[in-house]
Amino acid sequence: MKLLSFQSILVYLFLIVLSACTEAPKADMIILNGVVATMDTQQPKAEAIAVLKGRIMEVGDNASIKALAGPKTQTIDAKGQFVMPGFIEGHGHFSMLGKNKVDLDFLKATSWQEIVDQVLAKAATLPPGEWIIGRGWHQEKWLESIEHQHGGYPYHDDLSALTPDHPVLLKHASGHSSFANAKAMESAGINIETPDPAGGAIIRDNNGKIVGVFEENAQDAIQKAHLDFQNLKNEADLLAAWHHTIELAQEECLQKGITSFQDAGSSFSEIELYKKMAEANQLRMRLWVMVRHSYKEMKDRLDDFPMLNVGNHFFTCRAIKTEVDGALGSFGAWLLAPYDDKDNFIGQNTTEISEIQNIASLAKRKEMQLCVHAIGDRANREVLNIMEANTLGKADHRWRIEHAQHLHPSDIPRFSELGVIASIQGIHCTSDAPFVVKRLGVDRSSQGAYAWRSLLDSGARIANGTDAPVEDVNPLLSFYASVTRKRADSGMEFFTEQKMTRQEALHSYTLGNAYAGFEEQEKGSLEKDKLADIVILSNNLLECADEEILSTKVLYTIVDGKIRFQG
Ligand SMILES: [Zn+2]
């Protein structure tokens, strides 16, 4: 045997020292004893996860993950609970979600009187002239009939007499109509002579008297009057109020297990504020935003767009939002054939097709995603046509139709053929269930309303969300609706043959939404090197009984490897 040379001993010693210095770093956090649904097809199940520097270090069994812990590692014992990727809200309105917590909320109101009482209580706390803003009322949800009404809507007179000093603006749950009192109409310069604007209607009775409900674009004048009033306030106050609403929105999302939020339409000024927050590390969850303005306002202002992964992946704006019609509840959905419950009426085309075409070519030029709100079957067909013409030859554009709610059966396969994502909201199906058949009849409802099974079977990609604050942002309620198509309150079912499987619904709310934002490499599943956005829930969403979905508690919400909420 040959003796080792002096040089080889030196090399050997050097290697020992080097390996000691480069010893693998220890995890910042480990989660043990979990039932982990990773959403990663290579390794769908696991027991434990290690996190390092905001990313997933390893996914595996308890023993292999424990081996990655050091003295400073934080340990979470999941105690056999369900661990999954953080929920991604696929379509909501972030600042409005926060603002909704400041304004009056009528989502749960079951009578007009309840709403009037809330308005009067608020008026008592405000100085004269200050606006009273509310949202979420829905005439179809009222259990008591209204004495003084037209077409199911209350006349404004009674409320106007009780609120002579405060303009009152109350948004419909759909966001597509508003109720205003006399003071608000006066501020907006609206009187009996005011004509209906294009794409909107001021509801009047048979004598031409204004009822107090403003549909679609007819809301604009009153909203502008409110905005003008707000703009008289000083900038620092407005900014502080905005930050407060964002804080409230983050709080609510984190409590409900949401780690990323896809915002369906922000202004340039809001985008600037979000970007600043992300750069200053002030966001506690991730935002992915669509910019929403007219073509004229956007065409020369998109130099800085898309904005990708700002502030360590906390803010991205890579999409443009526009809309082609309104909502079904307020007869705004643009249909191929008339409503069953409104003679010769096919709904509203709210944005001219030429404008949408201009926005589409702008999105194409900027390589941004185009996201178009379309509810009615005519609306969806028009948008599919525009998308087909603009994305020809480009396979991976990920343009989206927001809602994709009522489809002509012949248009369903086009989503998959064209690579257009159907960005649906599970909870809208069961919320709308009581009036869809009235509006559309049985045939249209059974063949193309919330046609998730048909879309999935045709190979379409689905994103899922709530349209919050139109609905509660809680993903568990929307997940329940997605897999049951049954109302949580009354048990009423809506064409259950179109429901999703548990796996499909979970995919839609995680990897599906990540894909819909070009983010599936970073989010949506629990895989090595992905962002450490994780939730722990009290029930196994893939296996628990249907009703248990509704009683599921969020135990931990982890974003970027840090606990942001603990239940
Ligand atoms: Zn929306």
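Here the structure is shown first, and the text comes after it.
First, a word on what this report is: a plain description of the structure on this page. This structure is a prediction, so every number in the text was calculated from the model and none was measured.

1. Comments concerning the overall build of the protein chain
- Helix and strand counts for the protein chain come out as 19 helices and 27 strands.
- Against the globule reference of 24 Å for 567 residues, the protein chain gives a C-alpha radius of gyration of 26 Å, in line with a compact fold.
- For the protein chain, the C-alpha atoms occupy an extent of roughly 115 × 55 × 50 Å along the three principal directions.
- Sorting the 567 residues of the protein chain into buried and exposed places 49% on the buried side.
- Look at the contacts in the protein chain between residues 6 or more apart in sequence, and 71% of them connect residues 24 or more apart.

2. Some points on the sheet that holds strand β26 (residues 554-559)
- One open sheet accounts for six strands, arranged β3-β2-β7-β25-β26-β27; its pairing is mixed. Of all strands in the sheet, those with a lone pairing partner are β3 (45-46) and β27 (562-566), marking the two edges.
- With two bridges joining them, strand β2 (residues 35-37) and strand β7 (residues 82-85) adopt parallel strand pairing. Across the sheet, the residue bridging to V35 is F82, located in β7.

3. Here's the deal with the sheet that holds strand β9 (residues 104-105)
- Strands sit in the order β9-β10-β13-β14-β16-β15 across an open sheet of six strands; the sheet is mixed. Looking at the sheet topology across the chains shown, the edges are occupied by β9 and β15 (200-204).
- Of the strand pairs in this sheet, β9 and strand β10 (residues 132-137) are connected by two bridges, and their pairing is parallel. Residue D105 lies in a different strand from β10, and its bridge partner there is R135.
- The strands that helix α4 (residues 112-123) touches are β9, β10 and β13 (168-172); relative to β10, the one it contacts most, it runs at about 160°.

4. Focus: the pairing of β7
- Relative to strand β25 (residues 534-537), β7 runs antiparallel, the two being bridged by four bridges. For M84, the partnering residue across the bridge sits in β25 and is V535.

5. Examining the packing of helix α3 (residues 94-102) against helix α8 (residues 235-255)
- The interhelical angle for the contact between α3 and α8, taken along N-to-C directions, is 100°, at an axis separation of 7 Å. Considered as vectors, α3 and α8 are oriented roughly perpendicular to each other. For the pair α3 and α8, the contacting residues are F94, S95, L97, G98, K99, K101 and V102 in the first and W242, T245, I246, L248, A249 and E252 in the second.
- Partitioning the contact of α3 with α8 into residue classes produces seven nonpolar, three polar and three charged.

6. Things to note about the packing of helix α17 (residues 475-484) against helix α18 (residues 502-515)
- Put simply, α17 and α18 touch, their axes get as near as 9 Å, and they point 140° apart. One element, α17, and the other, α18, form an angle in the oblique class. With respect to the hand of their crossing, α17 and α18 are arranged in right-handed fashion. Of α18, the residues touching α17 (which contributes P475, F479, S482 and V483) are R502, A505, S508 and Y509.
- Partitioning the contact of α17 with α18 into residue classes produces five nonpolar, two polar and one charged.

7. Examining the environment of L542
- With respect to the helices and strands, the residue L542 is situated in the loop between β25 and α19 (546-550).
- Residues L542 and A37 lie 505 residues apart in sequence; the distance between their C-alpha atoms is 8.5 Å.
- With residues near it in sequence (within four places) discarded, L542 still touches A37, R502, Q503 and L506.

8. Things to note about unusual backbone geometry
- Backbone torsion omega between F305 and P306 reads -10°, so that peptide bond is classified as cis.
- With respect to the helices, strands and loops of the structure, P306 is situated in the loop between α10 (295-298) and β19 (307-309).
- Omega for the peptide link from A468 to P469 comes to 5°, which places this bond in the cis form.
- Tracing the backbone shows P469 in the loop between β24 (462-464) and α17.
- Even without a glycine there, the phi angle at N33 is positive, about 55°.
- The topology assignment puts N33 in the loop between β1 (29-32) and β2.
- Overall, the presence of 15 C-beta atoms within 10 Å leaves N33 in the partly exposed class.
- Here the phi dihedral of K79 falls at roughly 50°; this positive angle occurs in a residue that is not glycine.
- Here K79 lies in the loop between β6 (74-77) and β7.
- K79 sits in the exposed class, given 11 other C-beta atoms within 10 Å.

9. Some words on helix α7 (residues 220-231)
- Taking 1.5 Å per residue, 12 residues should reach 16 Å; α7 reaches 16 Å between its end C-alpha atoms and fits that length.
- Those residues of α7 that fall on the buried side of the exposure criterion are A221, I222 and A225. The buried residues of α7 occupy one face: seen down the axis, they fall within an arc of 105°. Facing away from the buried side of α7 by more than 90 degrees, the exposed set consists of L227 and N231.
- The inward-facing, buried residues of α7 abut β13, β14 (177-180), α6 (182-187) and β16 (210-216).

10. Quick notes on the environment of S482
- Along the chain, S482 falls in helix α17.
- Overall, the presence of 29 C-beta atoms within 10 Å leaves S482 in the buried class.
- Distance in space between the C-alpha atoms of S482 and Y155 is 37 Å, their sequence separation being 327 residues.
- Apart from the residues within four sequence positions on either side, S482 is in contact with G426, N464, M500, A505 and S508.

11. Here we look at the environment of F345
- Inspection of the secondary structure puts F345 in the loop between β20 (315-323) and α12 (353-366).
- Owing to 11 C-beta atoms within 10 Å, F345 belongs among the exposed residues under this scheme.
- For the pair F345 and S160, spaced 185 residues apart in sequence, the C-alpha to C-alpha distance is 31 Å.

12. Observations regarding helix α13 (residues 377-391)
- The terminal C-alpha atoms of α13 lie 21 Å apart, and with 15 residues this matches the ideal 21 Å at 1.5 Å per residue to within 8%.
- The set of residues buried in α13 consists of D377, R378, A379, N380, V383, L384, I386, M387 and T391.
- Where α13 terminates, the next one or two residues include G393, which has phi positive at roughly 85°.

What counts, and where the lines are drawn
Residues numbered from 1 in each chain as written. Predicted model: local features only at pLDDT ≥ 70, side-chain atom pairs only at ≥ 80, totals over all residues. Helix = DSSP H or I, 4+ residues; strand = E, 2+ residues; numbered from the N terminus. Rg over C-alpha atoms; globule rule 2.2 N^0.38 Å. Buried ≥ 20, exposed ≤ 12 C-beta atoms within 10 Å, placed from the backbone. Contact = placed C-beta atoms within 7 Å. Pairing = 2+ DSSP bridges. Axes fitted to C-alpha atoms, helices over the stretch in contact; angles between N-to-C directions. Parallel < 35°, antiparallel > 145°, perpendicular 65-115°, else oblique. Nonpolar A, V, L, I, M, F, W, Y, C, P; charged D, E, K, R; others polar. Left-handed = near helix turned anticlockwise from the far one by under 90°. Expected span 1.5 Å × (residues − 1). Arc of directions from axis to C-beta.

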